[in-house]
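What the coordinates show
Below, each chain spelled out in residue letters.
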Amino acid sequence: MKTPQEIQDSIAAAGASTSVLTAVAAKATEFQPIISAMSGLIAIITGLFAIAYYMKKINKQDGKSSEG
């Protein structure tokens, strides 16, 4: 059987972990718009690289087909 001190320690640890989790969740909601904006920029840059890649591939194929 647990002593009263052990029970209090368990309750304190649970309260502290709940408090830390709540603080992390609050900060995550503060940073959410920044994270979303960064994700959007990464998607735009990735799309631009994909367009450039496929344009090079198309131009390369067009060059080969006109030679042969």
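Our subject is the structure listed above.
Heads up: these notes are all about the structure in this document. None of the values given here were measured: they were computed from a predicted structure.

Before going further, it helps to spend a moment on the overall build of the protein. Summing up its helical and strand segments, the protein has one helix and zero strands in all. Its C-alpha atoms give the protein a radius of gyration of 28 Å, more than 25% over the compact-globule value 11 Å for 68 residues. With the C-alpha coordinates of the protein rotated into their principal frame, the extents come out at 90 × 30 × 5 Å. Looking at the protein as shown, the accessible area adds up to about 6,100 Å², and 71% of this sits on carbon and sulfur atoms. Side chains of the protein carry 6 positive and 5 negative charges; the gap between the two charge centres is 14 Å.

Where nonpolar side chains cluster on the molecular surface, the patch consists of Leu41, Ile44, Ile45, Leu48, Phe49, Ile51, Tyr53, Tyr54, Met55 and Ile58 and spans about 1,100 Å² of accessible area. Within the element layout of this structure, Leu41 appears in helix 1 (residues 4-67).

Inspection of every chain in the model, using the stated rule, returns one salt bridge. Where Glu30 meets Lys27, a salt bridge forms, and the shortest distance between an N and an O atom there is 3.5 Å. With Glu30 and Lys27 both in helix 1 and three residues apart, the pair spans about one turn of that helix. Under the relative-accessibility criterion, Lys27 is labelled partly exposed at 46%.

Right, let's talk about the environment of Ser17 for a bit. Looking at the element boundaries, Ser17 is found in helix 1. Sequence spacing of Ser17 and Lys57 is 40 residues, and the spatial spacing of their C-alpha atoms is 54 Å.

Reading the values: rules and limits
- Residues numbered from 1 in each chain as written.
- Predicted model: local features only at pLDDT ≥ 70, side-chain atom pairs only at ≥ 80, totals over all residues.
- Heavy atoms only, no water.
- Helix = DSSP H or I, 4+ residues; strand = E, 2+ residues; numbered from the N terminus.
- Rg over C-alpha atoms; globule rule 2.2 N^0.38 Å.
- Areas by Shrake-Rupley, 256 points an atom, 1.4 Å probe, with all protein chains shown as cover.
- Lys, Arg positive; Asp, Glu negative; His and termini not counted.
- Charge placed at Lys NZ, Arg CZ, Asp CG, Glu CD.
- Patch = residues over 30% accessible without salt bridge, like charges linked within 9 Å, V, L, I, M, F, W, Y side chains within 5 Å.
- Salt bridge = Lys/Arg side-chain N within 4 Å of Asp/Glu carboxyl O.
- Buried < 20%, exposed > 50% of the residue type's maximum accessible area, 1.4 Å probe, protein only.

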